Amino acid sequence: MRWKTTIKIVKIFSVLLLPLSLLALPAFASPLVKVEIFNNSYYESLTVLKPGNENWIKMTGGSEFVVPSIKMVYNGINTTQYTKDDKTVKITTYGIQENQDYVVNYPFTGHPMYYQEDTVTAEIAGASDLANKTAYIYLVKTYPTQLKNALASAVDGDTQPLKSLLSDAVQEKSTTLDANGNATVSFGTLDPGDYVVVALLNKSTEANITFVSATAFEVLEHKSSLDVSNVTRTSTSEGSVNGTFTIIGGSSTAKYTYIVALISKSAYSVEFRLESGGTKATTNLKANNATLVSSFKIGGSGLNKVNSTTVYNWIKNAFPPNSASLEKYTKTGNTYEISSLPVGGLPDGEYYLNVAAWNVSNSSQRVVAFSQAIVKITTTTTFEVTPTSISKEINAGGSASVIITISNTGNYELRNVELSASGDVAGWISFNQSQIQSIPASGSKSVTVTISVPSGASGTHTGKIIVSSENGGSKEIPVEVKVIVVTGGGFAVGPPIFTAPFSNAFVVSKYLPKPGLYEIPVPENYVKQTNILSFDLKFTKSIYVDCRVSKVTTPPKEVPKPNIDLYQMNEIIILKFGTREKVHPQEAYIGFRVKKSWVDSRGYEPKDVAMFRWNGKEWTELETSYIKSDNNFYYYKAHTKEFSLFAIGAKIKPPVVKPTPTPTPTPTPTPTPTPTPTPTPTPTPTPVVTTPAPTPTPKPWWKIPGFEAVIAVAALIIIALWRRR
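Residues numbered from 1 in each chain as written. Predicted model: local features only at pLDDT ≥ 70, side-chain atom pairs only at ≥ 80, totals over all residues. Heavy atoms only, no water.

Caption draft 1: Inspection of the sheet that holds strand S1 (residues 31-39) at higher detail. The 8 strands are arranged S6-S7-S1-S2-S15-S14-S11-S12 in an open sheet whose pairing can be described as mixed. Strands with a single pairing partner mark the edges of an open sheet, and in this sheet they are strand S6 (80-84) and strand S12 (171-176). Across the sheet, the axes of successive neighbouring strands diverge by a mean angle of 20 degrees, strand direction being ignored. Pairing geometry for strand S11 (residues 134-141) and S12, over 6 bridges, is antiparallel. By the bridge assignment for S12, Thr134 is matched with Thr176. (Pairing = 2+ DSSP bridges. Helix = DSSP H or I, 4+ residues; strand = E, 2+ residues; numbered from the N terminus. Axes fitted to C-alpha atoms, helices over the stretch in contact; angles between N-to-C directions.)

Caption draft 2: Spotlight on the sheet that holds strand S29 (residues 390-395). Strand order in the open sheet formed by 5 strands is S29-S36-S35-S31-S33, with mixed pairing between adjacent strands. Each edge of the sheet is formed by a strand with only one pairing partner; in this case those strands are S29 and strand S33 (435-439). Taking each pair of neighbouring strands and ignoring which way they run, the sheet shows an average axis angle of 25 degrees. Sheet analysis places strand S35 (residues 459-468) next to strand S36 (residues 474-484), joined by 10 bridges and oriented antiparallel. Of the residues in S36, the one forming a bridge with His461 is Val481.

Caption draft 3: Focus on the packing of aromatic side chains. Across all of its chains, the model carries 23 aromatic pairs by this definition. Seen from their ring centres, Tyr114 and Phe217 are 5.3 Å apart, and the 75 degrees between their planes marks the pair as edge-to-face. Linking Tyr114 in the loop between strand S9 (110-113) and strand S10 (120-125) with Phe217 in strand S15 (residues 208-219), this pair joins segments that are 103 residues apart in sequence. Judged by its relative accessible area of 0%, Tyr114 falls in the buried class. The interplanar angle of 80 degrees and the centroid separation of 6.1 Å between the aromatic rings of Tyr511 and Tyr544 together place this pair among those described as edge-to-face. Of this pair, Tyr511 sits in strand S37 (residues 502-512) while Tyr544 sits in strand S40 (residues 543-552), and the two are 33 residues apart along the sequence. (Phe/Tyr/Trp six-rings, centres within 6.5 Å; stacked < 30°, edge-to-face > 60°. Buried < 20%, exposed > 50% of the residue type's maximum accessible area, 1.4 Å probe, protein only.)

Now the structure itself:
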């Protein structure tokens, strides 16, 4: 391929890769691609370090938006050498096989947008290989075409335009990377515009330059607000999103193009795939299989048409119709009313609503305002339960069963139905099925309810059975149980099942058909109220058990509170099914959870949490294992051989007393004595009040600071490699 054609390729790929701003370019200390330019008396090089899980530039400050899960794939040619004028240009890649997928995964879930009053900070998250290296940081305010031309010249054997661009940086800093290869650089507040941050291991004026990483960001002209409501509908074929997007400080007489994109959270991912056989006709870039570049035409419209229409078409083609809804409208005024964005055909769930505004008179086609919100779509239905009330007379120590029928009377499936009990009888009630995933329209499901009355009970007891669903509301069934006490024959009334007052009590029944360790999961609606997750029980023979658990409000008078930082207390008893007979497993484990916010706010580590049991004389710590965590909870399992009162919490650590250092006396010179300095007392630490961080505002994938720069690693490789064809 002639070099002039290669320059065209450079321009095409740079226009594609740069206008929306760059994602961070990652690196390890080993190279990914190296461009060498030399002749008999001259040598210089440009090296890009290898992508990995470390060594990205992460921008912080500003308003962070959620970006989709991003996967970059390059598949094509991989190395070449050619002569341009009196110089030889050699391009070498490391670890990239020709015509095999090379994959880079973007590690962050968010990226910031900035406004003029925001402080812009770049965090270099480097590999330990770069420890104690000096990094040279350049902040360049540039248009995509300038950077495109500089890169085009560099791979064509002339690095001077790139070096000139860096020498014109609005800020230039140097910093020493710490032992982990990390550093933080602040740029203060900036004027609106497009910026690129470049981190090098050399000064830009040196002959051999190594790129550690690069990223780009945008300082917007205007803030914006987005007020939007969740969508509640009675049919999946109907509904629309309603809201208002306002450009704060925008002109009421200016003309703006607005794009509104509603994208399902479950579909919020993008795979950018760049493939090339080494010729113009065989080079394509796709996003989720939607063609972005074919035969070097963007969206089929040519390079000079990269604007809001192009972005709209990209989104439309990249996401399937059953996961996204779009609209684009150009109007005069800085307020846009969203009133007709349809959601018919979209499944229920949570969606990202992305709204961006272009100023039509802005020739650079920059986004001037952007907001993102989460919209939940719910299709409601109706249901009925029978019987509508339960009244039973049951002998003390006996039980009775009732069948509850849940009928879906609407025209849409009833989802995530849960059954629970409350009131005096809550601990007496068990269900053969406490959770139903779905009930189709006009369908029904039946659940058997067993009411087991303790032998020591008497009188009339009341409560409720609660049937709740995700999209149909809830129903309550009043329950009244009159306990018949059998007298005579030396009948003895036994002690109550629970010894401590409780706010909630439940029973989970399970048949264990043979000796062995069985896990008995606790239904989710019980977990929500007790934080007890499961029981692992081992018996020496088959048995049918009732696992009864309560959330204790206060311990009995004779039981002291444990000397721990208490999270909660539970009472757990294992009984032979339908009786008051306690049974003792050979081995047992209790699964439980603790809110992360409780642990973290008190300064504990997850391993500091344990379960304790009252053995009748004192509280003893159980062998407790930390299992895992998620966004909200830490999960544990504790080993026990007996069941009674349990406490969950952290052992109270004695405060660490920091000794006051003895000041070193100042030598007294002669003849004039110097006063002995008074030691400065150690200040008393001020308690830290944790202010919840504001919920990050997500950002649309089309304005991710430049998905393109991660692809730029691959683009840099192929720019000159087409020459070999």
